[in-house]
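# Understanding the architecture of this molecule
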Amino acid sequence: MSKTKGKPIVAVVGRPNVGKSTLFNSLAGKKISIVKDTPGITRDRIYMDVHWLKHTFTLIDTGGIEPESKDIILSQMRLQAQVAIDTADVMVDVRQGLQDSDSKVADMLRRSNKPVLLIVNKVDNYEKLLPDVYEFYNLGMGDPIPISASGKQGVGDMLDEVVKFFPEREGEEEEEEIPKIAIVGKPNVGKSSIINKLLGEDRLIVSTIAGTTRDAVDTKVVFHGKEYIFIDTAGMRRKSKIKEEIERFSIIRAVAALERYMIVRTVSAIERAQIVVLVIDAVEGITEQDAKIAGIAHERGKGIIIGVNKWDAIEKDDKTIYKYMNRIKEVLAYMPYGETIFFSAKTGQRLTKLYELIDVVVENHSLRIATGVLNEIMSEAVALQQPPSDRGRRLKLYYITQVSVKPPTFVIFVNVKELFHFSYVRYLENKLRDAFGFRGTSLKFIIRERKESK
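Residues numbered from 1 in each chain as written. Predicted model: local features only at pLDDT ≥ 70, side-chain atom pairs only at ≥ 80, totals over all residues. Heavy atoms only, no water.

This part covers the overall build of the protein. Per the secondary structure count, the protein includes 14 helices and 17 strands. For the protein, the proportion of its 454 residues judged to be buried stands at 52%. For the protein, the share of sequence-separated contacts (at least 6 apart) that also reach a separation of at least 24 residues comes to 70%. Looking at the protein as shown, the accessible area adds up to about 22,500 Å², and 49% of this sits on carbon and sulfur atoms. (Helix = DSSP H or I, 4+ residues; strand = E, 2+ residues; numbered from the N terminus. Buried < 20%, exposed > 50% of the residue type's maximum accessible area, 1.4 Å probe, protein only. Contact = heavy atoms within 4.5 Å. Areas by Shrake-Rupley, 256 points an atom, 1.4 Å probe, with all protein chains shown as cover.)

This is the structure in structure tokens:
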């Protein structure tokens with residue numbers, strides 16, 4: 001397995017109705033996937049960060065794999081599973097009762113040349129069901145691991161085996177100082193064209209057909225003596241079974257399948273990046289799918305730049321740019337800190353200004369503030385607006401300190417955590433932004449209780 005940057009990605013794959021979603025929910029600690037005793041109920045892949053011992057990884061839940069099914073929905077789910085297989089570092093193959101189609105699924109997983117753990121689910125009674133587990137040795141996929149996802153039996157042993165495959169991070173420190181920028185966005189918004197223009201050469205395949213970038217590509221660029229690593233997110237692979245299956249769907253289903261394909265590729269690229277440039281098509285304007293992609297970067301605390309491409313193709317007046325900015329702020333209201341730049345990858349107009357903005361966001365994403373200064377600002381904020389109260393109890397803020405960067409993360413010690421309303425957190429965040437800017441980066445706040453001294 002290659003040494004990837006960012007959190008490892010673990011995909012839960014297998015036939016429908018073997019308990020993948022139940023296992024996913026058990027590991028995630030929340031009921032997120034739809035769980036119903038009907039094959040094919042999990043329509044969309046869902047991802048979440050999972051913590052085990054000292055490890056953190058991204059878990060992807062998939063639809064089931066039906067190798068021979070002609071049903072459009074099941075075929076689409078097979079496509080999603082293939083995407084997860086292509087993207088994952090480790091695969092957890094969940095089975096229940098050996099069936100004829102299992103050998104074909106096993107062949108599909110073996111061809112990925114990635115680590116695969118064979119999990120036999122619904123082993124609720126080891127003494128009674130363990131002999132049934134032995135038949136899975138016939139698949140030639142190593143030792144089957146018996147678990148009960150619903151009862152959480154054997155799940156810890158399974159996770160111990162999963163983390164053994166996680167890549168080492170040798171040599172990562174040497175590259176840590178070089179900013180890594182993921183260029184993300186919907187198909188055909190000009191992601192590869194942007195990098196080609198920055199490079200001054202056609203190193204990435206550019207086509208007007210949505211999704212022709214073959215694989216995620218890391219490209220090192222030097223501009224004015226500074227190094228940058230750009231991550232171009234993958235689109236569709238070479239004309240393969242994935243593309244052929246998409247082409248068999250109706251246009252609506254094809255768009256939905258392509259969107260899911262791009263989302264999982266985007267998750268992988270964002271994990272490895274420090275800064276994310278969300279590319280928007282100026283002609284089409286910002287869309288719901290753009291907001292979904294931005295949300296992934298926001299949740300993961302990345303520095304965010306919104307790049308509006310094809311600006312040369314827009315007829316403009318003195319109000320055009322303000323209309324665009326207002327629309328972006330409306331759709332991305334949850335991340336008002338995002339920096340926006342308008343450019344054209346085709347003509348190169350204002351494109352080199354992207355470097356300046358990246359430098360600003362990199363600096364803010366790594367900005368540290370002295371504890372004394374933070375507490376002065378918090379004291380002033382509290383004096384200007386009293387903290388909330390409930391039933392005679394008022395929130396008291398004792399202390400604030402910064403504990404990490406990328407993104408800047410702060411711990412606030414209070415008397416009663418439940419009184420710390422989200423609106424007051426936002427109020428304090430705005431005060432910090434007024435003082436230090438933090439352009440282009442989210443801020444993370446951790447609230448901890450501290451008993452009052454008597």
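It is worth spelling out the sheet that holds strand 15 (residues 397–404) at this point. Hydrogen bonds between backbone groups are what pair the strands of a sheet, and the pairing can be parallel or antiparallel. Strand order in this open sheet of 3 strands is 15-16-17, and the pairing throughout is mixed. Where the open sheet ends on each side, the last strands, each with one partner, are strand 15 and strand 17 (444–449). Geometrically, the sheet is characterised by an average inter-axis angle of 25° between neighbouring strands, direction not taken into account. In this sheet, strand 16 (residues 409–414) lies alongside strand 15 in antiparallel orientation, the contact comprising 6 bridges. Across the sheet, the residue bridging to Gln402 is Phe410, located in strand 16. Each of strand 15 and strand 16 is contacted by helix 13 (residues 371–384), which is oriented at about 140° to strand 15, the strand it contacts most. (Pairing = 2+ DSSP bridges. Axes fitted to C-alpha atoms, helices over the stretch in contact; angles between N-to-C directions.)

Once that is clear, we can look at the side chain of Asn415. Inspection of the secondary structure assignment puts Asn415 in the loop between strand 16 and helix 14 (422–436). A residue is classified by how much of its surface remains accessible, and Asn415, at 13% relative accessible area, is buried. Reaching out from Asn415, the side chain makes a polar contact with the backbone oxygen of Arg394 at a distance of 3.1 Å. A distance of 2.8 Å separates the side chain of Asn415 from the backbone nitrogen of Lys396, its partner in a polar contact. (Polar contact = N/O pair within 3.5 Å; in protein donor to acceptor, adjacent residues only side chain to side chain.)

Looking now at the nonpolar core. Membership of the largest hydrophobic core comes to 28 residues, with the highest contact counts inside it found for Ala182, Val184, Ile306, Val308, Trp311, Leu332 and Met335. Going through the elements one at a time, strand 7 (180–184), helix 9 (251–272), strand 10 (275–281), helix 10 (288–299), strand 11 (303–309) and helix 11 (320–331) are the ones with two or more residues in this core. In this view, Met335 contacts Ala294, His298, Ile304 and Ile306; residues no more than four positions away in its chain are not counted. Among the nonpolar cores identified, the runner-up in size contains 25 residues, and Val10, Phe24, Leu59 and Ile119 belong to it. (Core = buried A, V, L, I, M, F, W, Y, C linked by side-chain atoms within 4.5 Å.)

Let's shift gears to the pattern of salt bridges. Applying the stated criterion across every chain yields a total of 12 salt bridges. In this structure, Glu284 and Lys186 form a salt bridge, with 2.8 Å as the shortest nitrogen-oxygen distance. On the criterion of sequence distance, the pair formed by Glu284 in the loop between strand 10 and helix 10 and Lys186 in the loop between strand 7 and helix 7 (191–199) is long-range, its members being 98 residues apart. Here Glu299 ties to Arg300 by a salt bridge, and the two come within 4.0 Å at their closest N and O atoms. Judged by its relative accessible area of 59%, Glu299 is exposed. On the basis of relative accessible area, Arg300 is assigned to the buried category, the value being 13%. Each of Glu271, Glu299 and Arg300 takes part in salt bridges that share partners, so that together they form one network. (Salt bridge = Lys/Arg side-chain N within 4 Å of Asp/Glu carboxyl O.)

Counting along an α-helix, one turn takes 3.6 residues, and residues three or four places apart therefore face a common direction. Every buried residue of helix 5 (residues 155–163) is accounted for by Val155, Met158, Leu159, Val162 and Val163. The buried residues of helix 5 all sit within an arc of 130° when viewed along its axis, so they share a single face. (Arc of directions from axis to C-beta.)

Moving on, we get to the packing of helix 13 against helix 14. For any two helices packed against each other, the geometry comes down to the angle between their axes and how far apart the axes lie. It is at 10 Å that the axes of helix 13 and helix 14 come closest, and there the two elements cross at 125°. Overall, the two elements helix 13 and helix 14 adopt an arrangement that is oblique. Like other packed secondary-structure pairs, helix 13 and helix 14 cross with a definite hand, here right-handed. Of the residues in helix 14, those touching helix 13 at Val373, Leu374, Ile377, Met378, Ala381, Val382 and Leu384 are Tyr424, Tyr427, Leu428, Lys431, Leu432, Ala435 and Phe436. Residue composition of the contact of helix 13 with helix 14, grouped by class: 13 nonpolar, no polar and 1 charged. (Parallel < 35°, antiparallel > 145°, perpendicular 65-115°, else oblique. Left-handed = near helix turned anticlockwise from the far one by under 90°. Nonpolar A, V, L, I, M, F, W, Y, C, P; charged D, E, K, R; others polar.)

Moving on to unusual backbone geometry. The linkage connecting Lys406 with the following residue, Pro407, adopts the cis geometry, with an omega of 5°. Looking at the secondary structure, you find Pro407 in the loop between strand 15 and strand 16. Although it is not a glycine, His224 adopts a positive phi angle of roughly 50°. Along the chain, His224 turns up in the loop between strand 8 (217–223) and strand 9 (226–232).

Here we take up the environment of Thr409. Relative to the assigned elements, Thr409 resides in strand 16. Sequence separation of Thr409 and Leu443 is 34 residues, and the distance between their C-alpha atoms is 6.0 Å. Beyond its immediate chain neighbours, meaning those up to four positions away, Thr409 contacts Thr401, Gln402, Val403, Ser404, Lys444 and Ile446. Side-chain polar atoms of Thr409 contact the backbone oxygen of Pro407, separated by 2.9 Å.

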